[in-house]
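# Remarks on the overall topology
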Amino acid sequence: MKKLVAVAAAMLAGVAVFATEITFTNKVFSDDAFIRHDDDADDTDTDFPGLNERMQVELTSERVDAFVKATIKLDDHNDKDYGITGTLNDWYIEFRPISMLALTMHEGIFTAGSYLPVWDDNMANGNISSDGFSLIVTPDALDGALRIGVTAPFGWDDGTINWLDGDKDHGTDEEFDVGVGVIFTHELFEVGATIKDVLDSDDGERSFGAYVSFPNLFGVVEGLTVGGGVSFGSDGADLGSDDYISIGGPCGIEAGVTGDTLLNFQASYETEPFALAAELVYNLGENGNAAAEWNGYGVYDFYTGASISFGLLDNLSIAFTGKLLVDTSDKKDEGNVEIKNLLYGGVALTFELDEKNSFGVGLDSAFYDKDWCFAVPVYWQYKFND
């Protein structure tokens with residue numbers, strides 16, 4: 001990770017020489033749970049929620065774009081001794097040697113229909129790029145409406161290996177992992193499709209995605225966007241490793257919808273001073289339907305989330321968010337146990353001091369059966385464009 005941070009910083013420094021625009025954000029925040037209750041242990045525990053310092057910078061120019069986001073955290077790692085850790089949250093580099101061709105590293109390029117506004121992330125199969133290396137072609141003749149992606153996914157700093165000549169007898173992939181995707185954007189709609197692991201069809205690794213989005217609902221309702229899509233894997237491929245939606249973040253709970261066929265739908269509406277959003281993800285396939293034993297991780301069949309925000313004053317707004325995970329399986333004969341619904345609720349106040357400074361405070365909660373936790377997220381954010 002140290003090597004990756006250093007390389008990313010060096011590349012950004014080089015890009016800065018040619019950058020025409022810089023966007024910088026500094027955020028000081030705390031959002032972990034300060035109190036948790038474990039019903040099985042009959043224990044209620046308080047904890048220092050940690051203090052985070054996050055910086056991110058995005059540089060754009062005619063030929064090169066780059067982005068880095070990193071966080072350092074002060075926390076009591078063994079409940080009594082404090083220490084500092086660092087995380088490289090995200091980064092990307094995009095180089096355009098000619099107008100119609102982009103070469104990218106670690107850049108996500110997602111279809112609009114794969115975006116979940118409440119979760120604030122995308123379905124993994126909506127990405128025509130990857131965390132590895134990609135070629136993105138944007139034909140000049142179509143004035144940027146069409147984007148075609150060809151990608152080779154892999155990890156960084158001893159991450160996931162994309163084998164050129166893997167041998168399955170030794171636990172590696174037999175085929176080189178290649179993905180392709182396309183996005184077509186029109187004033188009234190956007191459609192996109194992807195195929196992951198194109199060359200590998202016999203072991204359940206190939207997967208597909210198809211998504212559509214209608215901004216302003218065909219131009220009929222200003223501010224209303226509706227979208228959705230489907231992700232499905234060949235031979236029962238489980239898509240959960242990438243589309244594992246966590247809604248118990250403040251409690252440290254990892255749980256979400258997984259399966260071989262995932263349906264997503266979302267709608268959002270913005271008009272001053274209100275903003276509404278709702279979304280769902282449902283497992284239509286076989287994998288993931290059986291209830292999993294609860295051990296801090298859960299596999300569910302259905303997720304839904306909704307949020308509403310509105311301005312109290314010109315520079316003060318409030319937002320309410322709710323999320324729910326439900327297990328619909330009745331396959332108790334498989335030796336699994338039922339997992340209860342997981343519920344998240346939160347409220348947040350945001351104060352915009354000026355164009356550069358904003359402050360926020362809120363209350364987050366998560367509940368699983370008789371287990372629960374609470375967090376009081378607070379932040380100060382400074383942002384500028386140059």
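Reference entry: report on the structure contained in this document. A quick note: this is a predicted structure, and the numbers were derived from the prediction, not measured. (Residues numbered from 1 in each chain as written. Predicted model: local features only at pLDDT ≥ 70, side-chain atom pairs only at ≥ 80, totals over all residues. Heavy atoms only, no water.)

Each helix and strand counted, the protein chain has 2 helices and 25 strands in total. In the protein chain, buried positions account for 38% of the 386 residues. Looking at the protein chain alone, contacts between residues at least 24 apart form 55% of all its contacts between residues at least 6 apart. Accessible surface, the protein chain as shown: approximately 20,200 Å² in total, 57% of it carbon and sulfur. (Helix = DSSP H or I, 4+ residues; strand = E, 2+ residues; numbered from the N terminus. Buried < 20%, exposed > 50% of the residue type's maximum accessible area, 1.4 Å probe, protein only. Contact = heavy atoms within 4.5 Å. Areas by Shrake-Rupley, 256 points an atom, 1.4 Å probe, with all protein chains shown as cover.)

A contiguous nonpolar patch, built from F34, L312, L313, L349, V361, L363, V376 and V378 and spanning about 630 Å² of accessible area, is present on the exposed surface. Sorting the residues of the nonpolar patch by element identifies β20 (302-313) and β23 (357-368) as the ones contributing at least two each. Looking at where V376 falls in the secondary structure, it is placed in the loop between β24 (371-375) and β25 (378-385). Look at V376 and you get partly exposed, because its relative accessible area is 38%. (Patch = residues over 30% accessible without salt bridge, like charges linked within 9 Å, V, L, I, M, F, W, Y side chains within 5 Å. Salt bridge = Lys/Arg side-chain N within 4 Å of Asp/Glu carboxyl O.)

Structurally, S365 is set in strand β23. A relative accessible area of 10% means that S365 is categorised as buried. Those residues in contact with S365, other than ones at most four positions away along the chain, are L343, Y344, G345, C373 and F374.

Before going further, it helps to examine the packing of aromatic side chains. Given two aromatic rings, their pairing is described by the distance between the two centres and the angle made by the two planes. Considering all chains together, one arrives at 13 aromatic pairs under this definition. An angle of 45° between the planes, with centres 5.7 Å apart, marks the rings of F24 and F384 as tilted. Separated by 360 residues along the polypeptide, F24 in strand β1 (residues 21-30) and F384 in strand β25 bring together distant segments of the chain. Residue F384 is classed as partly exposed on the basis of its relative accessible area, which comes to 27%. A ring pair is formed by F208 and F232, whose centres lie 5.1 Å apart and whose planes are at 20°; its orientation type is stacked. With F208 in strand β14 (residues 207-214) and F232 in strand β15 (residues 224-233), the pair connects residues that are 24 residues apart, well separated along the chain. Residue classification places F232 among the partly exposed positions, given a relative accessible area of 35%. Grouped by ring-pair contacts, the aromatic residues F24, Y382 and F384 constitute a single cluster. The ring of F29 has K27 sitting right over it, with the charged end atom 5.4 Å from the ring centre. (Phe/Tyr/Trp six-rings, centres within 6.5 Å; stacked < 30°, edge-to-face > 60°. Lys NZ or Arg CZ within 6 Å of the ring centre and 35° of its normal.)

Take the pairing of strand β3 (residues 43-46) next. In this sheet, β3 lies alongside strand β2 (residues 33-38) in antiparallel orientation, the contact comprising 4 bridges. By the bridge assignment, R36 is partnered in β3 with D45. (Pairing = 2+ DSSP bridges.)

This model, assessed by the stated rule, comprises 5 salt bridges. The residue K73 makes a salt bridge to D32 at a minimum N-O spacing of 2.5 Å. Here K73 is found in strand β5 (residues 64-76), whereas its partner D32 is found in the loop between β1 and β2, with 41 residues between them in sequence. Through salt bridges that share partners, D32, K73 and D75 make up one connected network.

Note: β1 against β25, 8 bridges, orientation antiparallel. Across the sheet, K27 pairs through a bridge with Q381, a residue of β25. One ladder, built from 5 bridges, connects β23 with β25; its direction is antiparallel. Pairing of N357 across the sheet is with Y382, part of β25.

In this section: unusual backbone geometry. The omega torsion across E272 and P273 is 0°, close enough to zero to call that bond cis. Its place among the elements puts P273 in the loop between β17 (261-271) and β18 (274-283). Backbone geometry at H106 places phi at a positive 60°, although glycine is not the residue there. Relative to the assigned elements, H106 resides in strand β7 (residues 101-107). Of the residues examined, H106 reaches a relative accessible area of 13% and is grouped as buried.

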